[in-house]
Amino acid sequence: MFERALSGSNRYWAWIFFLLAVIGVGFLAYMKQLNEGLGITGLSRDVSWGFYIAQFTFLVGVAASAVMLVIPYYLHNFKKFGKIVILGEFLAVSAVTMCMLFILVDMGQPMRVLNVVLHPTLNSVMFWDALVLNGYLFLNIIIGWTTLAADQKQVAPPKWVKPLIYLSIPWAVSIHTVTAFLYAGLPGRHLWLTAIMAARFLASAFAGGPAILVLLALLVRKFSKFDPGQEAIQSLAKIVTYAMCANVFFFLLEVFTAFYSGIPGHAHPLVYLFAGLDGHTKLVPWMWTAAVLAFASIALLVNPSTRQNEGTLKIALVGVIIAAWIDKGMGLVIGGFVPNPFERVTEYAPTMPELAITFGVYAVGLLVLTLLYKVAIGVREENGAVEH
Amino acid sequence: MSMNRRQFLKLASVSTILGVGSATAITSLGRGGLEASQASPDPKALKAKRWGFVVDVGMLKTEEDYQKCIDACHNIHNVPTLKNPKHEIKWIWKDDYEHTFPNMAEDKIMNKELQEKNFLLFCNHCANPACVRVCPTQATFKRKSDGIVMQDMHRCIGCRFCMAACPFGARSFNYVDPRKDNAIKVENKEFPTRMIGVVEKCTACYERLAVGKQPACAEASNGAIVFGDLEDPKSEVRKLMAEKYTIRRKPELGTQPSIYYVIGGGEHV
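Residues numbered from 1 in each chain as written. Chains lettered and ligands numbered in written order. Predicted model: local features only at pLDDT ≥ 70, side-chain atom pairs only at ≥ 80, totals over all residues.

**Quick word on the environment of A:Ile71**
All names here are of chain A.
Point 1. Along the chain, Ile71 turns up in helix H3 (residues 67-75).
Point 2. Separated by 97 residues in the primary sequence, Ile71 and Ser168 place their C-alpha atoms 9.7 Å from one another.
Point 3. Apart from the residues lying within four places of it in its own chain, the contact partners of Ile71 are His76 and Ile169. (Helix = DSSP H or I, 4+ residues; strand = E, 2+ residues; numbered from the N terminus. Contact = placed C-beta atoms within 7 Å.)

Printed below as a string of structure tokens:
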């Protein structure tokens, strides 16, 4: 089946080589980081996680969002998702791959990564996160590949896949819950110490992930003969709408508790993010961009006429993705570190090598996604959707 | 000698079993040897159920008094002096009341003298340490015998989860190579220097306790830092705590810090 990824148009190969070039640049930057240390990034003693961990957090959500196709299709027999559930599963594979790479490039001593396995530590959330992410990667590779292979042969997938598919549903919830627990269980980080963190993570995941998926489906339709189906796209858009509303609602709950309680420590990170603290305002324009985009895209999504119009739908989805990316990435991670435990402000911004490494990892993810989608689209183009 | 397939397999399997067997024997011998070669603990070693500190900054009068404690620690532990403040490594440092106790700092009309005081800050060696809870490799761990929160710089993978977890900002990460650019002025050969990519912090001078010496900061502090067993009611730290009013940083977080700061003199009690 994989041979489908090895033949393609000139445009396909140009895209592949472009990605390889970006990966190459990222790899060189990473060699520099490996050699000189994380000092080449913008990280500091006070802001000890930054752009890498922000991408990781956002992408775990993208990975988890595959479940928004799996649940309707497999649990509610919603046939319209039959053709594109594979796109969700392969997007999850690509996203989890990037998550793992972002963790790896964030490590000070990546050669020691196996220490996590050699000295398994059940009380560390990071141990569980490594476990659930790996599990989710394998589940999606196995499920996606097996069902696609069955589709190619126009037969029903083997029976043993079904339990794995059902397992993948709580597993998807678990990857994002455990990732939220990385943050939500730390004493003394006011922005993170909130019981609603996991719920917020899931809401933003189920908005941002399916939004990416719809855009990918539209791209697939444009560049291939495989049509994911108008109804599937519109159903996904509705999922994005509900999830984005929940996401914004959950965020406003945080704002209420932080400010109405009047506890200074709880308000400080939010003040820093949206108004600046002690004259430090680096993230303010970003956070307001996210806020405006969130409300504007909700307006476009809630209104049926703009949701059904593909032009405005695309704009709304891009808005959702950018808003979720800022809010759950830089906003969440940096906001947790500012102010620091001494109530002092140290700001953070990624450096050029840090950005190069980040683009490199994204390019790896896009390469994985391209190859997998090429295979899936090839099968779909050949025999259309098989409903089983 | 010619050999058929069957004979070869037999020989191969037997030699494999023997090989594995001898490898096991060598490793177990090695382990035994290591144990036997371990030096017996120094009889002078200081012992406690739970080490703690009482810090009375009222006894530190001048800038130099503070600096002496900091230098004593940083010099023997090869803590580098780095130009970029973002990459700063510090095991013990000085800060004012407002930033040492940020959760109490909103009170602007309290005792002026206290508000203007500087404090010495270092790892709290919490009885319930958040850093230990989150570490995925047990590179940071609480020593069972005496409660010191240790840091194994050779096991640390540099994920910095502990830095996010510590509510006291006690941990530093080696963003740059501390051995480069003459960052360590005079190297103490008795204590390891670090490599890039690992986290480090105060380890309560475990290496000095093992040979019967007080922590370096306490020794250099002229009595401002008193070190002792918090679980022993007869210890000097407990006597001080009975006489004077002491507070800890962020006790509401439940980490049970083991540094007590004296904020009221004995004469008022």
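**What about the packing of helix H2 (residues 51-64) of chain A against helix H8 (residues 197-223) of chain A?**
Residues and elements named next belong to chain A.
Point 1. H8 packs onto H2 with a crossing angle of 70° between their chain directions and a minimal axis gap of 7 Å. Between H2 and H8, the angle falls in the class roughly perpendicular. On H8, the residues that touch Gly61, Val62 and Ala64 of H2 are Phe201, Ser204, Ala205, Gly208, Gly209 and Ile212.
Point 2. The residue inventory of the contact of H2 with H8, partitioned by class, reads five nonpolar, four polar and no charged. (Axes fitted to C-alpha atoms, helices over the stretch in contact; angles between N-to-C directions. Parallel < 35°, antiparallel > 145°, perpendicular 65-115°, else oblique. Nonpolar A, V, L, I, M, F, W, Y, C, P; charged D, E, K, R; others polar.)

**Some details on the environment of B:Cys159**
Point 1. Within the secondary structure, B:Cys159 is located in the loop between strand S5 (149-151) and helix H6 (161-165).
Point 2. With 39 residues separating them in the primary sequence, B:Cys159 and B:Val198 have C-alpha atoms 8.4 Å apart.
Point 3. Those residues within four positions of B:Cys159 in sequence are excluded, and the remaining contacts are A:Met107, A:Met126 and B:Pro136.

**Side note on the packing of H2(A) against helix H7 (residues 161-184) of chain A**
Residues and elements named next belong to chain A.
Point 1. Running from N to C, H2 and H7 point in directions that differ by 165°, and their axes come no closer than 8 Å. Comparing the axis directions of H2 and H7 gives the class roughly antiparallel. Every pair of crossing elements has a handedness; the one defined by H2 and H7 is left-handed. Contacts between H2 and H7 pair Thr57, Val60, Gly61, Ala63 and Ala64 from the former with Ala172, Ile175, His176 and Thr179 from the latter.
Point 2. Residues of the contact of H2 with H7, tallied by class, amount to five nonpolar, four polar and no charged. (Left-handed = near helix turned anticlockwise from the far one by under 90°.)

**Observations concerning the nonpolar core**
All names here are of chain A.
Point 1. Of all hydrophobic cores here, the largest spans 190 residues; its most connected members are Ala63 and Cys99.
Point 2. The dominant element in this core, judged by the number of residues it contributes, is helix H4 (residues 85-106), at 15 residues.
Point 3. Beyond its immediate stretch of four places on either side in the chain, Cys99 contacts Phe56, Leu59, Val60, Ala63 and Leu133. (Core = buried A, V, L, I, M, F, W, Y, C linked by C-beta atoms within 7 Å. Buried ≥ 20, exposed ≤ 12 C-beta atoms within 10 Å, placed from the backbone.)

**Re unusual backbone geometry**
Point 1. Going from A:Val338 to A:Pro339, the amide bond is cis rather than trans, its omega being -5°.
Point 2. As for its placement among the helices and strands, A:Pro339 is situated in the loop between helix H13 (310-337) and helix H14 (352-383).
Point 3. Backbone geometry places A:Asp278, a non-glycine residue, at a positive phi of 50°.
Point 4. At B:His125, a position not held by glycine, the phi torsion is positive, near 45°.
Point 5. B:His125 sits in the buried class, given 28 other C-beta atoms within 10 Å.

**Digging into the interface of chain B and chain A**
Point 1. With 41 residues of chain B in contact, the opposing surface of chain A contributes 34 residues.
Point 2. Within the residue set of the side of chain B that touches chain A, elements represented by two or more residues are helix H5 (130-134), H6 and strand S6 (172-173) of chain B.
Point 3. Top contributing element to the side of chain B that touches chain A by residue count: H6(B), with four residues.
Point 4. For the side of chain B that touches chain A, the residue count by class is 20 nonpolar, 12 polar and nine charged.

**Brief notes about H4(A)**
Point 1. If you check H4(A), its first and last C-alpha atoms are 32 Å apart, about what 22 residues at 1.5 Å a residue would give, namely 32 Å.
Point 2. Counting buried positions over the 22 residues of H4(A) gives 20, a clear majority of the element. (Expected span 1.5 Å × (residues − 1).)

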